[in-house]
Amino acid sequence: MGTNSKSSHESYAVSPTVSTEAPPAPPNLSATGPEPVSEIDPALLASMLMPDFTSDVPLAEQGGAWTTDGEPVFGGQAGGEMPPTAEPEEQQPEAAGGPVDEADEHEAAHEPAEEESADLAPAAEEDAEGAAGAGPAFEEEVEDEPEDADPPLTPVPDAPVAGAALGTPILVGGEDFLNSQAALVSYISPDGPREVLLAHVSEEAEGKLLDALSVSGTKMVNVQVEEETKERLALDKKAQLAELVTAATTSVQHKLKGGDPMSEASIQKHQKALDAVNAVLASPNLTDDEKAMAQYYLDQVNTVGEKIQNGGAPMAHFDPHGLPVTKMVTKQIPAPADEPEPGMLTAQLRSASRIQASLDGQSGESSWDGKSRSKANGKEYAIDLGDGWSAVYRPYAANDPHSTEFSMRGQLEVHAPVGAGHGKQLVDRLEQLHLVNAPMTAAEGEWTYLSNNVTAQNLAAAPGMKAAFEEAKGLEDLQVQEIVHQRAETLIGLGEDELHYQVKRIQLEAAQKVLPKKVKVLREAIAKATGFDSGDALAASAGYDPTPATSGGWLTWSRFDVTGKTAQIKEAYKGRSLTHSIGSGDMVALFGTGVLASTEKRAVMGIGGGIGMSEQADKYTGGANSVFLRVSNTPASGYGGQLIWDDPSVLMRRSDYYAYNGDKYGVSPDKKKASGLTRDPLKIATHSASNNEIMFRDGVDLLGAEAPSRIVCHYAHQRTALLESFKARGITHLGGKPVEDVVKSNH
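Procedures and definitions
Residues numbered from 1 in each chain as written. Predicted model: local features only at pLDDT ≥ 70, side-chain atom pairs only at ≥ 80, totals over all residues. Heavy atoms only, no water. Pairing = 2+ DSSP bridges. Helix = DSSP H or I, 4+ residues; strand = E, 2+ residues; numbered from the N terminus. Axes fitted to C-alpha atoms, helices over the stretch in contact; angles between N-to-C directions. Contact = heavy atoms within 4.5 Å. Buried < 20%, exposed > 50% of the residue type's maximum accessible area, 1.4 Å probe, protein only. Expected span 1.5 Å × (residues − 1). Arc of directions from axis to C-beta. Salt bridge = Lys/Arg side-chain N within 4 Å of Asp/Glu carboxyl O. Phe/Tyr/Trp six-rings, centres within 6.5 Å; stacked < 30°, edge-to-face > 60°. Lys NZ or Arg CZ within 6 Å of the ring centre and 35° of its normal.

Draft legend 1. Representation of the sheet that holds strand β23 (residues 693-697) within the structure. Read across the open sheet, the seven strands follow the order β22-β23-β20-β18-β21-β25-β28; overall the sheet is mixed. Either end of the sheet is taken by a strand with one partner, and the two such strands are β22 (658-660) and β28 (743-745). With strand direction ignored, the average angle separating the axes of adjacent strands in the sheet is 30°. Where strand β21 (residues 642-645) lies against strand β25 (residues 710-713), three bridges are found, and the strand directions are antiparallel. Bridge pairing in β25 links Gln642 to Val712. The strands that helix α22 (residues 716-728) touches are β25 and β28; relative to β28, the one it contacts most, it runs at about 165°.

Structure (structure tokens):
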């Protein structure tokens with residue numbers, strides 16, 4: 001939701017150190033796998049590849065995509081597909097039952113239980129030795145990189161910096177990951193560094209990943225487990241105190257968050273709850289537990305009444321009263337995995353979870369024991385990659401967008417065995433999941449840049465755009481056919497499993513080879529859609545910059561309709577600023593980390609839940625993947641706990657934001673439930689609702705190019721403490737201004 005007193009978007013992170021060491025070339029695609037069959041099986045080969053290897057006509061000229069029973073065999077990578085055409089912005093349909101933020105019931109419906117510790121270790125133990133059924137033998141091969149090879153945009157370090165909470169951001173080739181981005185994180189643990197690759201798989205690439213798995217979990221078994229829960233007292237249930245107090249709290253909380261006046265309905269709900277609680281307190285012969293329960297509710301009702309009278313910041317999260325009880329409960333868990341199908345990875349479907357790391361407030365270092373995980377509402381696959389390697393994936397297909405945590409769908413973790421030095425191997429291991437596993441090159445970076453601009457500028461429906469994406473996909477299909485033709489003799493001698501494996505590798509290779517051609521096609525289409533004479537003219541324009549920028553612990557892409565029209569953007573935002581409130585949060589701690597991080601980023605950094613007012617609801621809308629800012633008239637002095645960007649263009653250059661002129665809990669564009677979504681920076685400049693919101697993916701760099709113009713502390717001693725912190729770290733300027741001119745205080 002919005003940012004007035006929304007401390008859920010505080011951040012606690014440290015900027016990573018990126019190694020300058022170049023990564024190795026992609027593994028040799030001719031690596032051997034299972035033994036070939038002793039005789040050629042023409043029927044098998046035909047069923048998988050379909051083209052006529054006996055023809056004198058090159059496969060690239062035989063035309064058409066090869067199909068089996070009408071389905072594509074070589075569907076190409078996601079890079080050949082056009083981004084889904086969204087409904088016109090500002091006209092998306094409302095959610096069933098009304099807009100997201102219009103019903104008091106919204107918050108109660110989307111407040112799942114608090115996250116708890118869970119010992120859900122990755123699929124493989126660190127000391128596992130070559131688990132059976134882990135797919136074709138994985139060989140990490142290193143070749144000398146050709147002198148004319150396109151260098152990677154982001155080097156992959158051998159060993160990510162241990163304890164760096166946000167890790168090292170890298171770009172992976174192709175379009176298997178959102179924004180082609182991943183992060184290599186090295187958690188400190190008693191046993192040594194725990195190195196993990198974290199990424200967000202695109203929905204279009206999920207089919208390839210699932211095709212690598214032999215999934216267990218359809219068979220379930222009952223187990224008895226001891227579980228600690230909270231139970232309400234019988235008197236509470238009889239008098240319905242929890243229901244009445246929750247209704248009053250939710251109603252008033254909604255008004256506080258939106259900055260709206262209290263309604264008569266809210267006042268009546270408070271009075272009804274107060275009468276019920278007082279009636280219970282007046283009852284004779286109450287037990288000590290019942291008295292404590294009634295007093296707990298009375299304290300909350302009094303807090304609600306004070307907010308009705310005086311307004312102010314939203315209240316802390318409220319849970320019904322309950323006494324802790326330990327009991328044996330029956331749960332269903334996936335049965336032990338059967339032997340996986342040949343050439344596939346063992347995977348178990350289980351309840352979703354997140355890495356439960358811990359961030360040291362003094363050192364800023366993140367640690368994790370390799371096993372502890374917090375619970376989440378959804379499902380995930382625990383995948384055995386063999387040799388002590390494992391992965392965790394939270395699929396789109398198995399997580400209902402209406403009832404599970406939307407922000408975690410597509411999240412991928414790849415875990416190395418305990419110890420340092422696995423950075424490049426973590427990227428290489430993506431191949432086992434049928435995902436692109438090479439660092440992104442400049443050509444691939446330009447494709448991602450262009451694709452992001454299609455989305456950011458709402459160009460998907462522009463004339464010629466659909467044809468351009470279809471042409472790009474056709475180029476990739478032809479490249480696959482050419483590679484298969486070149487290697488026909490070696491492919492014919494393979495069995496079904498190895499043939500399937502090699503075809504997947506060929507698809508990855510084709511996606512990389514054909515990128516320059518695809519980029520040219522897409523650039524031409526975008527140029528025409530945006531008023532340029534040609535793709536070359538677009539590439540030569542002042543605002544065109546296909547190189548990503550480092551923003552804290554992630555990478556961002558710009559949009560040329562903003563970077564090429566800076567004067568127009570600044571004029572549109574004249575007298576307007578972007579702001580973010582951390583409420584009563586610790587400003588020194590925030591800037592000690594260097595970034596404003598999203599709820600999902602904070603989770604893997606080791607920041608516990610409960611920091612903000614709506615982080616649980618944001619997980620269900622998808623807003624948990626972003627930080628929230630809002631546009632407002634430029635404040636003369638601001639108020640305590642506020643960050644102010646008086647030049648919004650420093651952030652509006654990014655291509656990953658979206659906005660609403662109202663509080664929609666940051667509902668993700670992919671969810672398509674909230675009306676009024678826009679990515680137009682000129683439209684956003686006109687937003688006037690007091691609870692408008694702008695969502696920036698992952699977060700904002702507070703110490704670099706995205707630093708705020710003003711930092712407003714509550715009190716003078718807080719300003720002094722922040723300036724002393726900057727001095728100790730050698731930080732003298734923010735956004736080109738002396739820190740003394742940036743940091744202010746109200747009192």
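Moving on from the model shown.
Draft legend 2. Looking closely at the pairing of β23. In terms of residue burial, β23 counts as a mostly covered element, since five of its five residues are buried. Covered by surrounding structure in β23 are Glu693, Met695 and Arg697 together with Ile694 and Phe696, the residues of both alternating faces. Bridge count for strand β20 (residues 626-633) against β23 is four bridges, and the pairing is antiparallel. Bridge pairing in β23 places Phe628 opposite Met695. Bridge count between β22 and β23: three bridges; the pairing is antiparallel. From the neighbouring strand, Tyr660 faces β23, where its bridge partner is Glu693.

Draft legend 3. Up close: α22. Taking 1.5 Å of rise per residue, the 13 residues of α22 would be expected to cover 18 Å, and the 18 Å separating its terminal C-alpha atoms lies within 8% of that figure. Burial in α22 covers these residues: Leu722, Leu723, Ser725 and Phe726. Buried residues of α22, seen end-on, are gathered within an arc of 155° and therefore sit on one face of the element. Exposed and oriented more than 90 degrees from the buried face of α22 are His717, Glu724, Lys727 and Ala728. For α22, the secondary structure elements touched by its buried residues are α17 (587-593), β25, β26 (733-734), α23 (739-742) and β28.

Draft legend 4. Local environment of the pairing of β21. Residues of β21 alternate between two faces, with Gln642 and Ile644 on one and Leu643 and Trp645 on the opposite face, all of them buried. Of the strand pairs in this sheet, strand β18 (residues 576-581) and β21 are connected by four bridges, and their pairing is antiparallel. Counterpart to Thr579 in the pairing with β21 is Ile644.

Draft legend 5. Up close: the pattern of salt bridges. This structure, assessed with the given rule, holds 26 salt bridges. Of the charged contacts, one joins Asp698 and Arg697 as a salt bridge, the two residues approaching to 4.0 Å between their closest N and O atoms. Assigned by exposure class, Asp698 and Arg697 land together as buried. In the salt-bridge network here, residues are joined through shared partners; they are Arg350, Arg373, Glu380, Arg394 and Glu413.

Draft legend 6. Looking closely at the packing of aromatic side chains. Applying the stated criterion across every chain yields a total of eleven aromatic pairs. On the basis of an interplanar angle of 90° and a centroid distance of 5.8 Å, the ring pair of Phe591 and Phe726 is categorised as edge-to-face. Residue Phe591 is found in helix α17, and its partner Phe726 is found in helix α22; the two are separated by 135 residues along the sequence. Each member of the pair Phe591 and Phe726 is classed as buried. Seen in terms of ring centroids, Tyr657 and Phe696 are 5.5 Å apart; in terms of plane orientation they differ by 50°. Their pairing is tilted. Taken together, the positions of Tyr657 in the loop between α20 (649-652) and β22 and Phe696 in strand β23 put the pair 39 residues apart, joining distant regions of the chain. As far as the burial class goes, Tyr657 and Phe696 line up, both buried. Within the aromatic cluster, the residues linked to one another by ring pairs are Tyr449, Phe532, Tyr544 and Phe560. Positioned above the aromatic ring of Trp447 is the side chain of Lys518, whose terminal nitrogen or guanidinium carbon lies 4.7 Å from the ring centre.

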